[in-house]
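Below, each chain spelled out in residue letters.
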Amino acid sequence: TAELIDGKAVAARVRQEVADGVAELVAQDGQAPGLATVLVGEDPASEVYVRNKRRACVAAGMVDLHRRLPGDASQQQIDEEIGRLAEDPGVSGILLQLPLPGHLDPDALIDRIPAGKDVDGLTAGNAGLLAQGRDGLRPCTPSGVARLLDEYAVPLAGAKVVVVGRSVLVGRPMAQLLLARDATVTLCHSRTKDLAAEAREAEVLVVAAGVPGLIGRESVRPGATVIDVGIHRTENGLRGDVRFAETRGVAGLLTPVPGGVGPMTIAMLLANTLQAARWQQNRTNELRSSQCSG
Ligand code: NAD
């Protein structure tokens, strides 16, 4: 039976690293990183996500800069709010909680976030940097998966990796991140002809389809590493895209749901916010020293 990946433990480690990094920044220039979460409307799931992000941010020693707008806020109102946060030197990271109410254009609002403050890694700018293999802020869930694979020393260079799902949020950036690590990546989606046959080739299988129980033993190569990104609320608690019990009998390494990928997402959001704050600090220092010498 497969060894289980302990996402809770790895996430706790990442959060501690971030808290240490924040303390170091504060010691250097007296200012803690600030995370601005922007919530539009009152979607109950989004309320919970944003509350958890704000708590985690405070627990890491960062400044919680929450902004709430009414569900009938106009595109222009939100645009202006993001514009103010973009200019504010106390704001290290901006997170626009999705989904937005239907009358709004999310892509246009996301792209108002400066790439250096885009801690969800979802702007076209950061997606482009990732596609080109350049430094930037990466989407939190895929970078959390990459961190789990590293923590468990799963070899990626040259390995056959199959990603199921091509969303902008998870599947696509996941494939790009693994490609940047020299994996041989196959990206499957809802139009893939024989998903099980593709998935069975994988030494590392990452499943982010949003379909409960899509993947089982028929789709898993013996000994493979299987990462389940899916989250579904059922009457028996949270379940993933992978049929856990039967897959555990075939895989070598497997994430449980809950307690696998889930806890990593917020941990990587904190890591991105610290990264953004460090870059901003470096820029400020460069500016100061150039002014001094000039
Ligand atoms: P999405 O609906 O935007 O994308 C799903 C993707 O899966 C699509 O590209 C689609 O082509 C593909 N797909 C759908 N059905 C398929 C099938 N039968 N065979 C092959 N491919 C199929 O979803 P998303 O935002 O990428 O999220 C995926 C899942 O991950 C959801 O369950 C979501 O709740 C979960 N999620 C978890 C976290 C976390 O923190 N753990 C974060 C984000 C999303």
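- As annotated in an unreviewed UniProt entry, the protein chain carries the name Bifunctional protein FolD and is attributed to Amycolatopsis pithecellobii.
- Looking at the protein chain in UniProt, the text filed under Pathway (unreviewed entry) is "One-carbon metabolism; tetrahydrofolate interconversion."

### Examining the nonpolar core
Right, on to step 1. Counting residues in hydrophobic clusters, the biggest one holds 79 residues, and the most contacted among them are Ile94, Val163, Leu205, Val206, Val207 and Leu270.
Right, on to step 2. Residue-level mapping places this core at the junction of two domains, with at least three residues from each of domain 1 (31-114) and domain 2 (140-262).
Right, on to step 3. Here leucine 205 is in contact with Val162, Ala199, Val220, Ala224, Val226 and Ile227, once residues within four sequence places are set aside.

### What about the sheet that holds strand β7 (residues 184-188)?
Right, on to step 1. Strand order across the open sheet formed by six strands is β1-β12-β9-β8-β6-β7, with parallel pairing between neighbours. Each end of this open sheet is capped by a strand with a single partner; those strands are β1 (3-4) and β7.
Right, on to step 2. Here four bridges tie strand β8 (residues 204-207) to strand β9 (residues 225-228), and the two strands are oriented parallel to one another. Among the inter-strand pairings, valine 204 is bridged to a residue of β9, identified as threonine 225.
Right, on to step 3. The strands that helix α7 (residues 171-180) touches are β6 (160-164), β7 and β8; relative to β7, the one it contacts most, it runs at about 170°.

### Overview of unusual backbone geometry
Right, on to step 1. Each neighbour pair has its own omega, and for leucine 98 with proline 99 the value is 0°, a cis peptide bond.
Right, on to step 2. Topologically, proline 99 is positioned in the loop between β5 (93-96) and α4 (106-110).
Right, on to step 3. Non-glycine residue alanine 153 carries a positive phi angle of around 50°.
Right, on to step 4. We note that aspartate 182 has phi near 70°; this positive angle belongs to a residue other than glycine.

### Digging into the domain arrangement of the protein chain
Right, on to step 1. When the domains of the protein chain are assigned, the result is domain 1 (31-114) and domain 2 (140-262).
Right, on to step 2. Spacing between the C-alpha centres of domain 1 and domain 2 amounts to 29 Å.

### Some points on the UniProt feature "binding site: NADP(+)" (unreviewed entry) in the protein chain
Right, on to step 1. Feature annotation in UniProt places "binding site: NADP(+)" (unreviewed entry) on Gly165, Arg166, Ser167 and Ile231, given in this structure's numbering.
Right, on to step 2. Inspection of the secondary structure assignment puts arginine 166 in the loop between β6 and α7.
Right, on to step 3. As for its position among the elements, isoleucine 231 is in the loop between β9 and β10 (232-234).
Right, on to step 4. Those residues in contact with isoleucine 231 that sit more than four places away from it in its chain are Leu238, Gly240, Val257 and Gly262.

### Quick look at the environment of glycine 252
Right, on to step 1. Relative to the helices and strands, glycine 252 resides in the loop between α9 (244-248) and β12 (253-254).
Right, on to step 2. The sequence separation of glycine 252 and leucine 4 amounts to 248 residues, and the corresponding C-alpha distance is 8.6 Å.
Right, on to step 3. The residues touching glycine 252, leaving out its near neighbours within four places in the chain, are Ala2, Glu3, Gly223, Ala224 and Thr225.

### Remarks on the pairing of β5
Right, on to step 1. Here β5 shows a buried face lined by Gly93 and Leu95 and a second buried face lined by Ile94 and Leu96.
Right, on to step 2. Pairing geometry for strand β2 (residues 34-40) and β5, over four bridges, is parallel. Across the sheet, residue valine 38 finds its bridge partner in β5, namely leucine 96.

### A closer look at the packing of helix α1 (residues 7-29) against helix α10 (residues 262-293)
Right, on to step 1. The geometry of α1 relative to α10 is characterised by a closest axis approach of 9 Å and an angle of 20° between their N-to-C directions. The angle between α1 and α10 places the two elements in the roughly parallel class. Crossing hand, α1 versus α10: left-handed. Contacts between α1 and α10 involve Gly7, Lys8, Val10, Ala11, Val14, Arg15, Val18, Gly21, Val22, Leu25 and Asp29 from the former and Gly262, Pro263, Met264, Ala267, Met268, Leu270, Ala271, Leu274, Ala277, Arg278 and Gln281 from the latter.
Right, on to step 2. Of the residues belonging to the contact of α1 with α10, the class tally is 14 nonpolar, four polar and four charged.

### Topic: the UniProt feature "domain: Tetrahydrofolate dehydrogenase/cyclohydrolase NAD(P)-binding" (unreviewed entry) in the protein chain
Right, on to step 1. Within this structure's numbering, the places UniProt gives as "domain: Tetrahydrofolate dehydrogenase/cyclohydrolase NAD(P)-binding" (unreviewed entry) are residues 139-280.
Right, on to step 2. Annotated as residues 139-280, this span is 37% helix and 18% strand, and its ends, taken at the C-alpha atoms, are 19 Å apart.

Procedures and definitions
- Residues numbered from 1 in each chain as written.
- Predicted model: local features only at pLDDT ≥ 70, side-chain atom pairs only at ≥ 80, totals over all residues.
- UniProt positions renumbered as here; feature names shortened; annotations may be inferred.
- Core = buried A, V, L, I, M, F, W, Y, C linked by C-beta atoms within 7 Å.
- Buried ≥ 20, exposed ≤ 12 C-beta atoms within 10 Å, placed from the backbone.
- Domains from an automatic or database assignment.
- Contact = placed C-beta atoms within 7 Å.
- Pairing = 2+ DSSP bridges.
- Helix = DSSP H or I, 4+ residues; strand = E, 2+ residues; numbered from the N terminus.
- Axes fitted to C-alpha atoms, helices over the stretch in contact; angles between N-to-C directions.
- Parallel < 35°, antiparallel > 145°, perpendicular 65-115°, else oblique.
- Left-handed = near helix turned anticlockwise from the far one by under 90°.
- Nonpolar A, V, L, I, M, F, W, Y, C, P; charged D, E, K, R; others polar.

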